[in-house]
Amino acid sequence: MTLRIRLALLLLILASFADLARGAPARAESLPRPSLASASDLIAAVNSYRAQHGLSAYAVSAILMGTAQAQAEYMASIGSVTHTGPGGTSFSDRLTAAGYRFVFRSENIISASPDASGWDLVSSSAWADADHQHTLLSPNLCEVGAGVTVSGGTAYYVLDAACPSGSGGTGVSTPAPGATYVVGGGTPTVVVVVPNTPKPDGSISHLVQPGETLWSIAIAYRTTIAQLKALNNLADEMIYPGNTLIVARAPSTQTPSATSTETPIPTATPFVFRTATSPPTPTATPAPAAPVTDGSGAVVVGIIVVAALVVAGGMTAAGARRNREKSREREE
């Protein structure tokens, strides 16, 4: 009877180990995998955020989708978050090269975990300051594009918002960097920059008027934003009505600089983008599942069965030996 009880206990132990071996692969396969927030997810979150503040939704621009995606891919390639694009281009440079004539524009960039949602990005503390909130909530921005690229376990996101020439916002807003306009009711209008003629010494200066931007002034004088910034020691593109800008120095006083050979702003050419209505969705890097070796459960069960049989055989032999010894003692 004692031997049967021991065998029954061994069988129960074997059954428990078999269940564990069969359950291990199932648990490994059920591990949750992170989902990447696509460009469309980010735009949907931004428009939801605007709705909460009583603002109209941004319209998706194919050109802005292209510029945002290109900048996201560039940031991923250098492993850094930056507004500066390939060749030192600014956001304004990239819009101009893509053929987008704008009145207002603003850009947000961020790096985050690939499993971040669109709402995680919009509500991020990195975008809580006034400049980033301007991109999300400005009534003078009307179109948007977004891009995302994953590299090395990090997702790089870009949100480009702007309003093209001929369009208008709803009125009151903080000026976007590089833009000057009168704050008040009504619809912003495009201001035509009237270039000044050179002075007798050959120098040219320009008095900034309401509605003019560094970009529009550069176009009017057939120069570049980078040259205007260098001539006027500007750290950024912010200018205000009443500022006097140096457009060209007198030939006798002009000193060569690295920006003197800069290529003029290229003519407007269509920017290459994936689709006009569906934002590009980069493929997320699959999260590695817990390693499960094929057949490992069967091998474990086989080893346990063999070990149990050996133990059972030893116990049976020991019992038989004790029985023989007891029989001999009775005979004696």
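Residues numbered from 1 in each chain as written. Predicted model: local features only at pLDDT ≥ 70, side-chain atom pairs only at ≥ 80, totals over all residues. Heavy atoms only, no water.

Engineer: Would you explain the overall build of the protein in this entry?
Structural biologist: A tally of regular secondary structure across the protein gives nine helices and six strands. In the protein, which comprises 332 residues, the proportion classed as buried is 37%. For the protein, the accessible surface area stands at approximately 18300 Å², while carbon and sulfur atoms represent 59% of it. (Helix = DSSP H or I, 4+ residues; strand = E, 2+ residues; numbered from the N terminus. Buried < 20%, exposed > 50% of the residue type's maximum accessible area, 1.4 Å probe, protein only. Areas by Shrake-Rupley, 256 points an atom, 1.4 Å probe, with all protein chains shown as cover.)

Engineer: Teacher, can you tell me more about the pairing of strand 3 (residues 143–151) here?
Structural biologist: Most of strand 3 is tucked away: seven of the nine residues are buried. Two elements, strand 1 (residues 59–60) and strand 3, share two bridges in a ladder whose sense is parallel. The partner of V60 across the bridge, within strand 3, is V144. With nine bridges connecting them, strand 3 and strand 4 (residues 154–164) associate as antiparallel partners. In the strand pairing of strand 4, T149 is matched with Y156. Hairpin connection, strand 3 to strand 4: the antiparallel pair is bridged by two residues, and G152 has positive phi, about 60 degrees. (Pairing = 2+ DSSP bridges.)

Engineer: Please explain the sheet that holds strand 2 (residues 102–112) as it appears in this structure.
Structural biologist: By way of backbone hydrogen bonds, the strands of a sheet pair with one another, either parallel or antiparallel. Strands sit in the order 1-3-4-2 across an open sheet of four strands; the sheet is mixed. In the strand order of this sheet, the two ends are held by strand 1 and strand 2, each with one partner. In the packing of helix 2 (residues 39–52) onto the sheet, contacts are made with strand 1, strand 3 and strand 4, and the angle to strand 3 comes to roughly 135 degrees. Across the sheet, helix 6 (residues 130–137) is in contact with strand 2 and strand 4; its angle to strand 2 comes to roughly 115 degrees. (Contact = heavy atoms within 4.5 Å. Axes fitted to C-alpha atoms, helices over the stretch in contact; angles between N-to-C directions.)

Engineer: Whenever I open this one, the packing of helix 2 against helix 6 confuses me. Can you help?
Structural biologist: The relative placement of two packed helices is expressed as an angle between their axes plus a distance between the axes. Where helix 2 contacts helix 6, the axes come no closer than 9 Å and their chain directions differ by 90 degrees. As judged from the angle between their axes, helix 2 and helix 6 are roughly perpendicular. Across from V46, Y49 and R50 in helix 2, the residues of helix 6 making contact are Q133, L136 and L137. Looking at the contact of helix 2 with helix 6 residue by residue, the classes come out as four nonpolar, one polar and one charged. (Parallel < 35°, antiparallel > 145°, perpendicular 65-115°, else oblique. Nonpolar A, V, L, I, M, F, W, Y, C, P; charged D, E, K, R; others polar.)

Engineer: Please explain helix 8 (residues 225–232) as it appears in this structure.
Structural biologist: Residues of helix 8 that are buried: I225, L228, L231 and N232. The buried side chains of helix 8 occupy one side of the element, clustering within an arc of 130 degrees when seen end-on. Its buried side turned inward, helix 8 meets helix 4 (91–97), helix 7 (214–220) and strand 6 (244–248). Immediately downstream of helix 8, the backbone of N233 shows phi near 55 degrees, a positive value. (Arc of directions from axis to C-beta.)

Engineer: I tried to follow helix 2 on my own but got confused; where do I start?
Structural biologist: Side chains that are three or four residues apart share a direction in an α-helix, a result of its 3.6 residues per turn. Taking 1.5 Å of rise per residue, the 14 residues of helix 2 would be expected to cover 20 Å, and the 20 Å separating its terminal C-alpha atoms lies within 8% of that figure. Among the residues making up helix 2, those that are buried are A39, L42, I43, A45, V46, N47, Y49 and R50. Of the surrounding secondary structure, the elements contacted by the buried residues of helix 2 are strand 1, helix 3 (62–78), helix 5 (118–122), helix 6, strand 3 and strand 4. Just past helix 2, the residue G54 takes up positive phi, approximately 70 degrees. (Expected span 1.5 Å × (residues − 1).)

Engineer: Is there a simple way to think about the pattern of salt bridges in this case?
Structural biologist: Opposite charge on two side chains permits them to pair, given that their charged atoms come into close proximity. Per the counting criterion, the structure on display carries one salt bridge. Across the pair R94 and E107 runs a salt bridge, and its minimum N-O distance is 3.2 Å. Pair noted here: R94 is in helix 4 and E107 is in strand 2, with a separation of 13 residues, a long-range link. Side by side, R94 and E107 carry an identical accessibility label, which is buried. (Salt bridge = Lys/Arg side-chain N within 4 Å of Asp/Glu carboxyl O.)

Engineer: Please clarify how unusual backbone geometry should be interpreted in this entry.
Structural biologist: Excluding glycine, residues mostly have negative phi values, and the peptide bonds linking residues are mostly trans. Located in the positive-phi region is R222, a residue other than glycine, with phi close to 55 degrees. Of note in the backbone geometry, N233 takes a positive phi value of approximately 55 degrees without being a glycine.

Engineer: Is there a simple way to explain the confidence of the model for the protein in this structure?
Structural biologist: Low pLDDT marks stretches whose predicted atomic positions should not be read closely. The predicted model of the protein averages 74 in pLDDT, with 63% of residues at 70 or higher. Taken element by element, the protein is modelled with least confidence in helix 1 (residues 2–29), mean pLDDT 58, and with most confidence in strand 4, mean pLDDT 94. Counting contacts from residues 168–190, a segment whose pLDDT is below 50, to residues more than four positions away or on other chains yields 65 contacts. Across residues 267–278, confidence stays below pLDDT 50; counting only partners more than four residues off in sequence or on other chains, it has 16 contacts. (pLDDT = per-residue confidence, 0-100.)

Engineer: Where do I start with the packing of aromatic side chains in this structure?
Structural biologist: Any pair of aromatic rings gets described here by the distance separating the centres and the angle formed by the planes. Using the criterion set out here, one finds one aromatic pair in the structure. Aromatic side chains Y49 and W119 sit 6.0 Å apart centroid to centroid with 70 degrees between the ring planes, which places their arrangement in the edge-to-face category. Of this pair, Y49 sits in helix 2 while W119 is found in helix 5, placing the two residues 70 residues apart along the sequence. We classify Y49 as buried; its relative accessible area is 14%. Classification of W119 as partly exposed rests on a relative accessible area of 37%. A cation over an aromatic ring shows up here: R50 above the ring of Y58, its NZ or CZ 3.9 Å from the ring centre. (Phe/Tyr/Trp six-rings, centres within 6.5 Å; stacked < 30°, edge-to-face > 60°. Lys NZ or Arg CZ within 6 Å of the ring centre and 35° of its normal.)

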